[in-house]
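Now for the letters of each chain:
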Amino acid sequence: MKTVSHATPLRRAPVQRRSAERLTRILDACADLLDEVGYDALSTRAVALRAGVPIGSVYRFFGNKRQMADALAQRNLERYAERVTERLTAAGDGGWRGALDAVLDEYLAMKRTAPGFSLIDFGNQIPVGGRHTVPNHRVADRLTELLSGYLGRRPDDDLRRTFLVAVETADTLVQLAFRVAPDGDGRIIEEARELLRAYLGRVLD
């Protein structure tokens, strides 16, 4: 199974601390504005104004708002991986069921609280309303790297395919849960959890 690159290319990668901090401010402003005005009304000029940087600083990193949203989605994925790693480290050896809870619970927490995440998540909603397969492949690849050692499994195509099926399933059902209720319908989320446990139990036990 073909893997998908994790990197979102920037026009120019930050090399100095000040430049990296400016990039962070730009992405933070992008996330806040997504919650406030949505993707269609988002503009690079508004992001520059909110971030307190010249418009040229935005264009130094991004050619357009799509590239900026892509970079935010990639940052979301890296932060998500960090949160899952921290939870698994704190929990110790909980097996694949503990890993599943960490993966799903941290995703739900970001969906509910992280600025811009409900609109962009890991890139599935760019542009808003679009459903693309590449971001879910990227998430499955990242989880394969992250969880293979924890589960004592080889990070091979079979494990990657298993995680891709689980990610696609979880993505569809979580989106349904958040369409039914603003904070995510708890009953649908638990149905999703049980479905994933049944599938992963057949593959990983």
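Just so we're clear, the structure is a prediction, and the values are computed from it rather than from any experiment. (Residues numbered from 1 in each chain as written. Predicted model: local features only at pLDDT ≥ 70, side-chain atom pairs only at ≥ 80, totals over all residues. Heavy atoms only, no water.)

**Some points on the overall build of the chain**
Argument step 1. Check the secondary structure of the chain and you find nine helices and zero strands.
Argument step 2. Rg of the C-alpha trace for the chain: 18 Å, near the compact-globule value of 17 Å for 205 residues, within the 12% margin.
Argument step 3. For the chain, the proportion of contacts with a sequence separation of at least 24, taken over those separated by at least 6, is 68%.
Argument step 4. Of the roughly 10,500 Å² of accessible surface on the chain, 51% is carried by carbon and sulfur atoms.
Argument step 5. Each charge class in the chain was averaged separately, 31 positive and 28 negative side chains, and the resulting centres sit 7 Å apart. (Helix = DSSP H or I, 4+ residues; strand = E, 2+ residues; numbered from the N terminus. Rg over C-alpha atoms; globule rule 2.2 N^0.38 Å. Contact = heavy atoms within 4.5 Å. Areas by Shrake-Rupley, 256 points an atom, 1.4 Å probe, with all protein chains shown as cover. Lys, Arg positive; Asp, Glu negative; His and termini not counted. Charge placed at Lys NZ, Arg CZ, Asp CG, Glu CD.)

**Considering the pattern of salt bridges**
Argument step 1. As enumerated under the stated definition, the model contains 20 salt bridges in all.
Argument step 2. Here R66 and D70 are joined by a salt bridge, their closest N and O atoms 3.4 Å apart. Residue R66 and its partner D70 are located together in helix α4 (residues 65-91), separated by four residues, close to a single helical turn.
Argument step 3. Since its relative accessible area comes to 35%, R66 is described here as partly exposed. (Salt bridge = Lys/Arg side-chain N within 4 Å of Asp/Glu carboxyl O. Buried < 20%, exposed > 50% of the residue type's maximum accessible area, 1.4 Å probe, protein only.)

**A look at helix α5 (residues 95-113)**
Argument step 1. Compared with the 27 Å implied by 1.5 Å per residue over 19 residues, the 27 Å span of α5 between its first and last C-alpha is a close match.
Argument step 2. Within the sequence span of α5, burial applies to W96, A99, L100, D101, A102, V103, L104, E106, Y107, L108, M110 and K111.
Argument step 3. Residues of α5 that are buried in the fold lie against α4, α6 (117-120), α7 (134-151), α8 (157-180) and α9 (186-204). (Expected span 1.5 Å × (residues − 1).)

**Focus: the UniProt feature "DNA-binding region" (unreviewed entry) in the chain**
Argument step 1. Feature annotation in UniProt places "DNA-binding region" (unreviewed entry) on residues 43-62, given in this structure's numbering.
Argument step 2. When the span residues 43-62 is considered, its composition is 75% helix and 0% strand, and the gap between its end C-alpha atoms is 12 Å. (UniProt positions renumbered as here; feature names shortened; annotations may be inferred.)

**Description of the side chain of D185**
Argument step 1. Along the chain, D185 falls in the loop between α8 and α9.
Argument step 2. Of the polar contacts made by the side chain of D185, one reaches the backbone nitrogen of R187; its length is 3.2 Å.
Argument step 3. At 3.0 Å, the side chain of D185 forms a polar contact with the backbone nitrogen of I188. (Polar contact = N/O pair within 3.5 Å; in protein donor to acceptor, adjacent residues only side chain to side chain.)

**A few points about the UniProt feature "domain: HTH tetR-type" (unreviewed entry) in the chain**
Argument step 1. As recorded in UniProt, the feature "domain: HTH tetR-type" (unreviewed entry) lies at residues 20-80.
Argument step 2. Strand forms 0% of residues 20-80 and helix 87%; the C-alpha atoms that close the span are 20 Å apart.

**Thoughts on the packing of α5 against α8**
Packed helix pairs are specified by the crossing angle of their axes together with the interaxial distance, meaning the distance between the axes.
Argument step 1. Where α5 meets α8, the axes come as close as 12 Å, and the angle between the chain directions of the two elements is 40 degrees. Overall, the two elements α5 and α8 adopt an arrangement that is oblique. Here α5 and α8 pass one another in a crossing that is right-handed. Taken together, the residues of α8 that come into contact with α5 (itself represented by L104, Y107, L108, K111 and R112) are D171, V174, Q175 and F178.
Argument step 2. Of the residues in the contact of α5 with α8, the class split is five nonpolar, one polar and three charged. (Axes fitted to C-alpha atoms, helices over the stretch in contact; angles between N-to-C directions. Parallel < 35°, antiparallel > 145°, perpendicular 65-115°, else oblique. Left-handed = near helix turned anticlockwise from the far one by under 90°. Nonpolar A, V, L, I, M, F, W, Y, C, P; charged D, E, K, R; others polar.)

**As for the side chain of N76**
Argument step 1. Locating N76 in the fold gives a position in helix α4.
Argument step 2. By relative accessible area, N76 is classed as buried at 5%.

**Considerations on unusual backbone geometry**
Argument step 1. Although it is not a glycine, D121 sits at a positive phi angle of roughly 40 degrees.
Argument step 2. Inspection of the secondary structure puts D121 in the loop between α6 and α7.
Argument step 3. Judged by its relative accessible area of 1%, D121 is buried.

**Quick notes on the packing of aromatic side chains**
Argument step 1. This model, assessed by the stated rule, comprises six aromatic pairs.
Argument step 2. Between Y80 and Y107, the aromatic rings sit 6.4 Å apart at their centres with planes inclined by 85 degrees, giving edge-to-face as the arrangement. Placement of Y80 in helix α4 and of Y107 in helix α5 is noted, with a sequence separation of 27 residues between them.
Argument step 3. Accessibility expressed as a relative area gives 4% for Y80, which makes it buried.
Argument step 4. Here Y80 and F122 contribute two aromatic rings whose centre-to-centre distance is 5.1 Å and whose plane-to-plane angle is 45 degrees, an arrangement assigned as tilted. Here Y80, found in helix α4, pairs with F122, found in the loop between α6 and α7; they are 42 residues apart in sequence, far enough to count as distant. Here the two residues Y80 and F122 agree in accessibility, since each one is buried. (Phe/Tyr/Trp six-rings, centres within 6.5 Å; stacked < 30°, edge-to-face > 60°.)

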